[in-house]
Amino acid sequence: MNKIDIGNKEITITSQKEIYIYDKEANERVYNIEKDVILKVYHYNFDSNSKIVINLNHEKAEVEYHYSTINYKDNNLSITVNHNKKNTISNIYNHGVNILNNKLHFDICGVIPKNIENCICNQENQIINLTDGKSTILPKLLIDNYNVSSSHSAYIGKFKNDILFYLMSRGISYDTAIKLLVSSLLINSGNDSEELNKFKEKIENI
Amino acid sequence: MLEIDKINVITKDSKNKILKDLSLKIDDGEIHAIMGPNGTGKSTLSKVIMGNYKYEITSGDIIFDNKSIINLSVDERAKLGIFLAMQDPTIIDGVTNSEFLKTATTELTGERINYFDFIKGIDKCLNDLELSEDMIHRSLNKGFSGGEKKKNEILQLKMLKPKFIILDEIDSGLDVDSLKVVCRNINEYLKENKDTSVLIITHYPRILEYIKPDYVHIMTDGKIKKSGDIELAFETEKNGYIGINDVRKKSSNE
């Protein structure tokens with residue numbers, strides 16, 4: 001797949017693409033995906049709001065979206081995936097870490113209208129609160145067709161004490177254990193990009 | 001090396017008393033085994049030595065190398081050289097075995113890793129433990145068989161080089177061949193590190209045929225009720241723990 005940088009607010013994807021994004025300010029984007037095109041996005045977000053709309057406008061259009069965010073203040077993520085044609089696929093993975101007593105809100109919506117069949121529409125959401133932050137997830141599936149495959153999951157919580165105990169029992173300090181776990185949650189792909197390196201610096205500074 | 005001095009331990013959530021005036025002294029290079037029925041506090045003892053968050057020491061002390069450790073954090077105890085091979089190693093999805101070992105090695109030594117030595121060391125340990133090479137790149141303990149989990153604990157032990165080892169039911173879930181591999185590796189480590197002490201927690205004397213203990217202790221109801229040599233383990237296997245209690249009651253009546 002080709003790798004491209006994205007600065008546009010609206011982009012039409014006409015061939016296979018792998019996109020890497022690093023944002024540290026509020027961001028909004030619309031992706032229009034053409035026929036037979038697979039789009040993979042690795043979106044690293046630092047302490048800002050994100051609003052994303054993905055339109056699967058043609059048959060066999062497919063999106064795999066990995067959204068990772070670190071938050072110190074209140075932030076929202078909104079992702080809407082519109083399955084506008086049959087035989088389209090979306091897999092959305094959203095992982096966030098709340099550092100302070102702030103609020104992180106995920107509003108994730110997959111939309112499949114009545115006449116659109118044979119679609120796959122999945123979403124997986126996780127938010128880890130490192131302190132007593134309050135977070136919410138709305139994992140929505142607005143599906144009006146029986147002939148689809150779909151799933152959603154949402155987890156909000158802290159890193160388990162048993163996991164921290166195991167890591168620390170091998171001499172790893174609490175702070176390093178947290179960074180190790182945050183990295184494993186937020187960096188779930190093997191890509192090596194400039195955007196990822198910027199994001200890794202933010203993890204190091206937690 | 002390690003001296004447990006009359007500790008009383010409760011669980012933090014339910015305040016249940018688990019360990020009662022328990023004392024135990026383990027000198028440099030000694031191997032001790034603790035046996036006892038289910039729910040008597042053996043695993044709790046291992047976790048308390050390591051500093052697990054679930055337990056509170058209400059009285060008594062744990063001295064390691066002439067220094068009280070009960071106010072030290074878990075990682076500080078590990079940095080002193082205490083290692084707990086766990087009965088049921090925790091699964092940590094997303095953290096690879098190699099990343100975990102690199103981080104632990106760096107934190108324990110305080111030095112940057114020499115990658116050549118590190119990789120060479122890992123390869124040797126994998127080979128010694130008859131583990132496949134790919135498991136070093138898999139998420140920590142995720143999808144590992146029972147035997148792989150236990151062998152992975154020993155792999156960590158060999159890489160991190162502790163001086164006091166607690167083996168909490170390392171024999172459970174291991175087939176005969178895997179048990180031999182695990183015990184052979186522990187014995188080799190002890191041969192190379194003669195001052196290293198070991199506390200073995202087990203239900204069965206089988207592991208003690210491979211790793212010979214200097215002392216065997218029988219623990220029931222949060223206390224060590226009887227101590228002896230390896231014959232005590234075989235006696236227990238023959239008569240059961242009830243037998244041990246009967247012997248003790250009889251001797252205390254006398």
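Here the structure is shown first, and the text comes after it.
Presented here is an overview of the structure given in this document. These numbers were taken from a predicted model, which means no experiment stands behind them.

Picture the strands of a sheet paired through backbone hydrogen bonds; they go either parallel or antiparallel. Residues and elements named next belong to chain B. Read from one edge of the open sheet, four strands run β2-β1-β4-β5, paired in antiparallel fashion. In this open sheet, the two edge strands, each paired with only one partner strand, are β2 (17-26) and β5 (67-68). Looking at chain direction, strand β4 (residues 55-64) and β5 are connected through two bridges and run antiparallel. Its bridge partner lying in β5, I63 is registered against S68. Sheet contacts for helix α1 (residues 42-50): β1 (2-11), β2 and β4; angle to β1, the most-contacted strand, approximately 110°.

The computed volume of the largest pocket comes to approximately 1400 Å³. For the largest pocket, the lining is made up of 43 residues, of which A:L180, A:S183, A:S184, B:G94 and B:V95 are closest to its centre. Those elements that place two or more of their residues in the lining of the largest pocket are β11 (119-129), α2 (174-186) and α3 (194-204) of chain A together with β7 (92-96) and α3 (97-109) of chain B. With seven residues, α2(A) is the single largest residue contributor to the lining of the largest pocket. For the lining of the largest pocket, the per-class residue count stands at 15 nonpolar, 15 polar and 13 charged. The calculated volume of the second largest pocket comes to roughly 680 Å³. Around the second largest pocket, the lining comprises 32 residues; the ones closest to its centre are B:K158, B:M159, B:L160, B:K161 and B:Y189. For the lining of the second largest pocket, the secondary structure elements donating two or more residues are α2 (74-80), β6 (82-85), α3, α4 (115-128), α5 (146-160) and α6 (176-192) of chain B. The greatest single-element share of the lining of the second largest pocket, amounting to six residues, is contributed by α4(B).

Take the pattern of salt bridges next. Where side chains of opposite charge bring their charged atoms close, a pairing between them can arise. Per the counting criterion, the structure on display carries 21 salt bridges over all chains. With its nearest N and O atoms 3.8 Å apart, the salt bridge here joins B:K54 to A:D162. Pair noted here: B:K54 is in the loop between α1 and β4 and A:D162 is in helix α1 (residues 161-168), and the two residues belong to different chains. Its relative accessible area of 36% is what places B:K54 among the partly exposed residues. Ionic pairing is found between B:R184 and B:E130, a salt bridge with its closest N-O pair at 3.8 Å. Pair noted here: B:R184 is in helix α6 and B:E130 is in the loop between α4 and β8 (139-140), with a separation of 54 residues, a long-range link. You can call B:E130 exposed: its relative accessible area is 52%. Via salt bridges that share partners, B:D75, B:K79 and B:E107 belong to a single interconnected network.

This next bit is on the packing of aromatic side chains. Here the structure, examined in full by the defined rule, presents seven aromatic pairs over all chains. Geometrically, the ring pair formed by A:Y20 and A:Y42 is stacked, given 5.3 Å between the ring centres and 15° between the ring planes. A residue pair is termed long-range when its members are at least 10 positions apart, and A:Y20 in strand β3 (residues 17-23) and A:Y42 in strand β5 (residues 38-46) qualify at 22 residues. For A:Y42, a relative accessible area of 8% corresponds to the buried category. When the centroid spacing of 5.9 Å and the interplanar angle of 70° are considered together, the rings of A:Y31 and A:Y65 count as edge-to-face. Here A:Y31, found in strand β4 (residues 27-33), pairs with A:Y65, found in strand β7 (residues 62-71); they are 34 residues apart in sequence, far enough to count as distant. For the pair formed by A:Y31 and A:Y65, the shared burial category is buried. Over the aromatic face of A:Y166 sits the side chain of A:R170, whose NZ or CZ is 4.9 Å from the ring centroid. Here the basic side chain of A:R170 rests over the ring of B:F83, its NZ or CZ set 4.1 Å away from the ring centre.

Parameters at a glance
Residues numbered from 1 in each chain as written. Chains lettered and ligands numbered in written order. Predicted model: local features only at pLDDT ≥ 70, side-chain atom pairs only at ≥ 80, totals over all residues. Heavy atoms only, no water. Pairing = 2+ DSSP bridges. Helix = DSSP H or I, 4+ residues; strand = E, 2+ residues; numbered from the N terminus. Contact = heavy atoms within 4.5 Å. Axes fitted to C-alpha atoms, helices over the stretch in contact; angles between N-to-C directions. 1 Å grid on protein atoms, 1.4 Å probe; cavity = no way out; pocket = protein on both sides within 12 Å on 5 of 7 lines; lining within 4 Å. Points joined across faces, edges and corners; volume = space filled by probe spheres on them. Nonpolar A, V, L, I, M, F, W, Y, C, P; charged D, E, K, R; others polar. Salt bridge = Lys/Arg side-chain N within 4 Å of Asp/Glu carboxyl O. Buried < 20%, exposed > 50% of the residue type's maximum accessible area, 1.4 Å probe, protein only. Phe/Tyr/Trp six-rings, centres within 6.5 Å; stacked < 30°, edge-to-face > 60°. Lys NZ or Arg CZ within 6 Å of the ring centre and 35° of its normal.

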